[in-house]
Amino acid sequence: VRSSAASDVYKRQYQRRVRASLPFGLPHLTMSDKALPPIIATVVFFVLGLIGTFAAPGKDRALSRIMVWTSVICMWIFYMCTYLSQLNPLITPEQDTDED
């Protein structure tokens with residue numbers, strides 16, 4: 001019983017240190033929380049698309065809307081590719097152990 005209470009104290013102290021080291025006191029993301037940044041980014045890009053849609057000038061409004069949504073979708077795809085490539089990197093650093 002004593003060891004589990006001590007491990008709980010150490011666990012809480014570690015969590016406090018991690019929160020203090022992260023910006024704005026954000027907790028460390030676990031595997032289930034890694035879906036949160038893409039969801040937030042999707043909402044942000046959607047809002048940007050809506051703002052661009054309603055800010056389109058009067059002349060050639062249809063063309064402006066197409067350009068806005070095409071650029072928003074391209075930026076979203078670029079963000080998702082970047083995020084997913086960092087989530088599980090394919091290339092890892094290799095240590096050179098050959099002594100010449």
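Everything that follows concerns the structure shown earlier in this document.
Residues numbered from 1 in each chain as written. Predicted model: local features only at pLDDT ≥ 70, side-chain atom pairs only at ≥ 80, totals over all residues. Heavy atoms only, no water.

What follows is about the packing of aromatic side chains. In the structure shown here, the tally under the stated rule is three aromatic pairs. Aromatic side chains Phe46 and Trp69 sit 5.9 Å apart centroid to centroid with 50 degrees between the ring planes, which places their arrangement in the tilted category. In this pair, Phe46 sits in helix α2 (residues 36-54) while Trp69 sits in helix α3 (residues 61-87), placing the two residues 23 residues apart along the sequence. Ring geometry for Tyr79 versus Tyr83: centroids 6.1 Å apart, planes at 20 degrees, classification stacked. On the criterion of helical spacing, the pair formed by Tyr79 and Tyr83 is a turn pair, its members being four residues apart in helix α3. Of the residues examined, Tyr79 reaches a relative accessible area of 26% and is grouped as partly exposed. Of the residues examined, Tyr83 reaches a relative accessible area of 17% and is grouped as buried. One aromatic cluster is present, built from ring pairs that chain together Phe45, Tyr79 and Tyr83. (Phe/Tyr/Trp six-rings, centres within 6.5 Å; stacked < 30°, edge-to-face > 60°. Helix = DSSP H or I, 4+ residues; strand = E, 2+ residues; numbered from the N terminus. Buried < 20%, exposed > 50% of the residue type's maximum accessible area, 1.4 Å probe, protein only.)

So yeah, pure geometry; function would need other evidence.
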